[in-house]
Amino acid sequence: MVLETERLAIVEAVEADIEWIISQERDEENSRFVWIGTHEEHRAEIADPGHRLLVIRRKDGVETVGYALARLDFMSERFELRRIVIAQKGRGYGRESMEALMKYAFETLKFNRFWLDVYPDNAVGIKLYESLGLHRDGVLRQNYKSDRGYLDQIIYSMLKEEYFHSVSERTSPEERR
């Protein structure tokens, strides 16, 4: 599986990518917002057909700029974005990656729902998700216990019909033909 955008190639991770992924999970800028997996857990995600552990690389092949983890529910046609981390912040890679993942979920997999959760203090993530048109479904209060205490999780989602409506609004009639 390879997803391509203007600047990025999003590919399935291999075992050699795991140490880099863990280093990003442990990075001070990211660790407040994502769960830190072990090498064995990430290896199991790579092997599991119900998960996609993905690395996000610049198309020029020079560097890896992020990673994402998704859980796929084929029966209910749900794409759960469990994690997305962008190492090079402020360059638009997060938006570009999210748009590619949403396109993959709705256009390639033909799933009905794309969803994720985010901690309330992740202002950058929330701003991105809302700007992409994701719907704020609600808050799971004190749903996750971490070293920071009990944390709320805000649920955001988009449905297939909303995605295709937003795509049609962004394209001209000529592009839709």
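Residues numbered from 1 in each chain as written. Predicted model: local features only at pLDDT ≥ 70, side-chain atom pairs only at ≥ 80, totals over all residues. Heavy atoms only, no water.

Caption draft 1: Structural detail: the environment of Phe 106. Within the element layout of this structure, Phe 106 appears in helix H3 (residues 93-108). Each C-alpha atom, one on Phe 106 and one on Phe 79, is 8.9 Å from the other, the two residues being 27 residues apart in sequence. In contact with Phe 106, other than residues within four places in its own chain, are Phe 111, Asn 112, Arg 113, Phe 114, Met 158, Leu 159, Lys 160, Tyr 163 and Phe 164. (Helix = DSSP H or I, 4+ residues; strand = E, 2+ residues; numbered from the N terminus. Contact = heavy atoms within 4.5 Å.)

Caption draft 2: Quick peek at the layout of surface pockets. Each pocket or cavity is described by its volume, and for the largest pocket that value is around 990 Å³. Forming the walls of the largest pocket are 38 residues, and the residues nearest its centre are Phe 33, Val 34, Ile 84, Asn 122 and Tyr 129. Put simply, the parts of the chain that give the lining of the largest pocket at least two residues each are helix H2 (39-47), strand E5 (78-86), H3, strand E6 (113-118) and helix H4 (123-131). When grouped by side-chain class, the residues that make up the lining of the largest pocket number 17 nonpolar, nine polar and twelve charged. Taken as a whole, the second largest pocket encloses approximately 390 Å³ of empty space. Lining the second largest pocket are 19 residues, with Glu 99, Ala 100, Lys 103, Tyr 163 and Arg 170 sitting closest to its centre. Broken down by secondary-structure element, the contributors of at least two residues to the lining of the second largest pocket are strand E1 (2-4), H3 and helix H5 (160-170). Among the elements that make up the lining of the second largest pocket, the one with the highest residue count is H3 (eight residues). Among the residues making up the lining of the second largest pocket, the classes are represented as eight nonpolar, four polar and seven charged. (1 Å grid on protein atoms, 1.4 Å probe; cavity = no way out; pocket = protein on both sides within 12 Å on 5 of 7 lines; lining within 4 Å. Points joined across faces, edges and corners; volume = space filled by probe spheres on them. Nonpolar A, V, L, I, M, F, W, Y, C, P; charged D, E, K, R; others polar.)

Caption draft 3: Structural view of the sheet that holds E6. Here we have eight strands laid out as an open sheet, ordered E1-E2-E3-E4-E5-E6-E8-E7, and mixed in their pairing. Looking at strand neighbours, the two that pair on one side only are E1 and strand E7 (135-146), the edges of this open sheet. Put simply, the sheet's adjacent strands are angled 25 degrees from each other on average, direction ignored. H2 contacts strand E3 (51-58), strand E4 (64-73) and E5 of the sheet and is inclined by roughly 100 degrees relative to E3. On top of the sheet, H4 reaches E5, E6 and strand E8 (149-159); it is set at about 15 degrees to E8, its chief contact. (Pairing = 2+ DSSP bridges. Axes fitted to C-alpha atoms, helices over the stretch in contact; angles between N-to-C directions.)

As far as function goes, none of this settles anything; it's purely spatial.
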